[in-house]
Amino acid sequence: MIAGASARGIAQTVLHPIDVMRTRLQAKGITSALTLETFLKGVVPQIVLALPAGAVQFVAFEFCKEKLRDLMPGENLQAARDLVAGAGGALAASVVRVPQEVLKQRIQADIYPNIMTALPTLFRQDGPMGLYTGYTATISRDVPWNALSFLFHAQFKRLFARFQGRTPNNDENLALASFSGSVAAVIMTPVDVVKTRLMTQKAGETVYKGILGTFSKIIVEEGAGALFKGLVPRILFLAPLAGITLSVYEAITRIMLKKNGAQVAYGVSVPRARRASSPSGPDQRAIDEPAPLPNPGMNSPAKILAMKAMNMA
């Protein structure tokens, strides 16, 4: 939980100015000029809610991963386990993520000046459920993106280990995670545009209604190309977001597991007790999950702190 909260909080706070640009490009009708203050719009709900969202996401991810090893054993199902666990983590985090997005994006799109105005106005006009405007569109974006990011990242690490004969170090892991996030970001951009349009309507407005209705309205009025508005800042945001989040998460997890006398195999925590042979033979998980290959410097606290200082952890 600590690792997940830290990873998400650091990543989203550092990349917030890029997220502001993405929202303002995708939303409709924004005419105000860009200033230095513009890039800080929505930073309060971003910071305050990123920590619990990250904690919930990674706790759910690890829980799903643990349960799925029993329900879907075998190395040939590893990719499916990664995909389902990633989706489960994103779905659990949506309880916090959607209110975060609604408040943050409406402030970024100049609908509300700040959180102190946004929250009471939204409650007064739409009630508590106003915080979940665009919920379906958000999970339709976040669940596949997180699942694909985790899946691509896990597969790229396995390919790296297979061809290089070792697990990736921090810098290599960052590159793999960032590339994973970029690929997933391109795939999910149209859904992100739809989600932004739904969320950045003023309270009580129904210019856009539903995912399919919004898709159709955008295509008819603006052309299919409008579904890829904000693609560049989205990639610039999500590529490092995936890299920073996954790298910080794994770095913190490795430190905590090292202190607790556990091992990590390809980013999957496996207590040493599971690798011990039982009277009936070796544990099946020891067969399914190979022991980590030598990786000098991966657990170096100095290396991890240096990466954090460079916004690369």
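Above this text sits the structure in question.
Student: How would you sum up the overall build of the chain? Please name residues and give values.
Tutor: Counting its secondary structure elements, the chain contains eleven helices and two strands. In the chain, the succession of α and β elements from N to C terminus is α-α-α-α-α-α-α-α-α-β-β-α-α. Every one of the 313 residues in the chain was classed for burial, and the buried ones make up 51%. Restricting the contact set of the chain to residue pairs at least 6 apart, pairs at least 24 apart contribute 76%. In the form shown here, the chain has an accessible surface area of approximately 13,900 Å², with 68% of it arising from carbon and sulfur atoms.

Student: An account of a nonpolar patch on the surface is needed here, citing residue identities and associated values.
Tutor: Nonpolar side chains collect at one region of the surface, where Val44, Ile47 and Val48 lie side by side and expose about 240 Å² of accessible area between them. On the secondary structure map, Ile47 appears in helix H3 (residues 43-71). Since its relative accessible area comes to 37%, Ile47 is described here as partly exposed.

Student: How would you explain the side chain of Arg106 if you had to name every residue and give the values?
Tutor: The topology assignment puts Arg106 in helix H4 (residues 78-108). Here Arg106 occupies a buried position and makes no salt bridge, while the nearest side chain of opposite charge, Asp126, is found at 4.2 Å. In this structure the side chain of Arg106 is engaged in a polar contact, spanning 2.7 Å, whose partner is the backbone oxygen of Met199.

Student: Can you tell me about the pattern of salt bridges, naming the residues and giving the values?
Tutor: Counted by the stated rule, this structure contains 19 salt bridges. Here Lys28 makes a salt bridge to Glu221, at a shortest N to O gap of 3.4 Å. Separated by 193 residues along the polypeptide, Lys28 in the loop between helix H2 (16-26) and H3 and Glu221 in helix H8 (residues 211-222) bring together distant segments of the chain. Judged by relative accessible area, which is 49%, Lys28 ranks as partly exposed. Under the relative-accessibility criterion, Glu221 is labelled partly exposed at 44%.

Student: I'd like a description of the packing of H4 against helix H5 (residues 115-126), backed by residues and values.
Tutor: Packing of H4 against H5 brings their axes to within 10 Å, and their N-to-C directions diverge by 115°. Taken together, the axes of H4 and H5 are roughly perpendicular relative to one another. For the pair H4 and H5, the crossing hand works out as right-handed. Side by side, H4 and H5 meet where Val102, Leu103, Arg106 and Ile107 of the first sit next to Ile115, Ala118, Leu119, Leu122 and Asp126 of the second. Here the contact of H4 with H5 is built from residues that sort into seven nonpolar, no polar and two charged.

Student: Could you give an account of the nonpolar core, naming the residues involved and the relevant values?
Tutor: Counting residues in each nonpolar core, the largest one holds 14 residues, and the members touching the most others are Trp145, Leu238 and Ile244. Secondary-structure elements contributing two or more residues to this core are helix H6 (135-164), helix H7 (170-199) and helix H9 (231-259). Considering every element that reaches this core, the biggest residue donor is H9, with five residues. When residues no more than four places from it in sequence are discounted, the contact partners of Leu238 are Trp145, Gly181 and Ala185. Among the nonpolar cores identified, the runner-up in size contains twelve residues, and Val98, Val102, Leu103 and Ala118 belong to it.

Student: Any details on the packing of H3 against H4? Residues and values, ideally.
Tutor: Relative to each other, H3 and H4 sit at 165°, their axes nearing to 6 Å. It follows that H3 is roughly antiparallel to H4 by the angle criterion. Here H3 runs over H4; the crossing is right-handed. The residue inventory of the contact of H3 with H4, partitioned by class, reads 19 nonpolar, six polar and six charged.

Student: Lay out the packing of aromatic side chains with the relevant residues and their values.
Tutor: For any two aromatic rings, the description comes down to two numbers: the centre-to-centre distance and the angle of the planes. Under the defined criterion, the tally for this structure stands at three aromatic pairs. The ring of Phe237 has Arg22 sitting right over it, with the charged end atom 5.9 Å from the ring centre.

Student: Explain the environment of Ile139 to me, and be specific about the residues and the numbers.
Tutor: Positionally, Ile139 belongs in helix H6. Residues Ile139 and Lys195, spaced 56 residues apart in sequence, show a C-alpha to C-alpha distance of 9.4 Å. In this structure Ile139 touches Leu91, Ser94 and Pro144, once residues within four positions along its chain are discounted.

How each quantity is defined
- Residues numbered from 1 in each chain as written.
- Predicted model: local features only at pLDDT ≥ 70, side-chain atom pairs only at ≥ 80, totals over all residues.
- Heavy atoms only, no water.
- Helix = DSSP H or I, 4+ residues; strand = E, 2+ residues; numbered from the N terminus.
- Buried < 20%, exposed > 50% of the residue type's maximum accessible area, 1.4 Å probe, protein only.
- Contact = heavy atoms within 4.5 Å.
- Areas by Shrake-Rupley, 256 points an atom, 1.4 Å probe, with all protein chains shown as cover.
- Patch = residues over 30% accessible without salt bridge, like charges linked within 9 Å, V, L, I, M, F, W, Y side chains within 5 Å.
- Salt bridge = Lys/Arg side-chain N within 4 Å of Asp/Glu carboxyl O.
- Lys, Arg positive; Asp, Glu negative; His and termini not counted.
- Polar contact = N/O pair within 3.5 Å; in protein donor to acceptor, adjacent residues only side chain to side chain.
- Axes fitted to C-alpha atoms, helices over the stretch in contact; angles between N-to-C directions.
- Parallel < 35°, antiparallel > 145°, perpendicular 65-115°, else oblique.
- Left-handed = near helix turned anticlockwise from the far one by under 90°.
- Nonpolar A, V, L, I, M, F, W, Y, C, P; charged D, E, K, R; others polar.
- Core = buried A, V, L, I, M, F, W, Y, C linked by side-chain atoms within 4.5 Å.
- Phe/Tyr/Trp six-rings, centres within 6.5 Å; stacked < 30°, edge-to-face > 60°.
- Lys NZ or Arg CZ within 6 Å of the ring centre and 35° of its normal.

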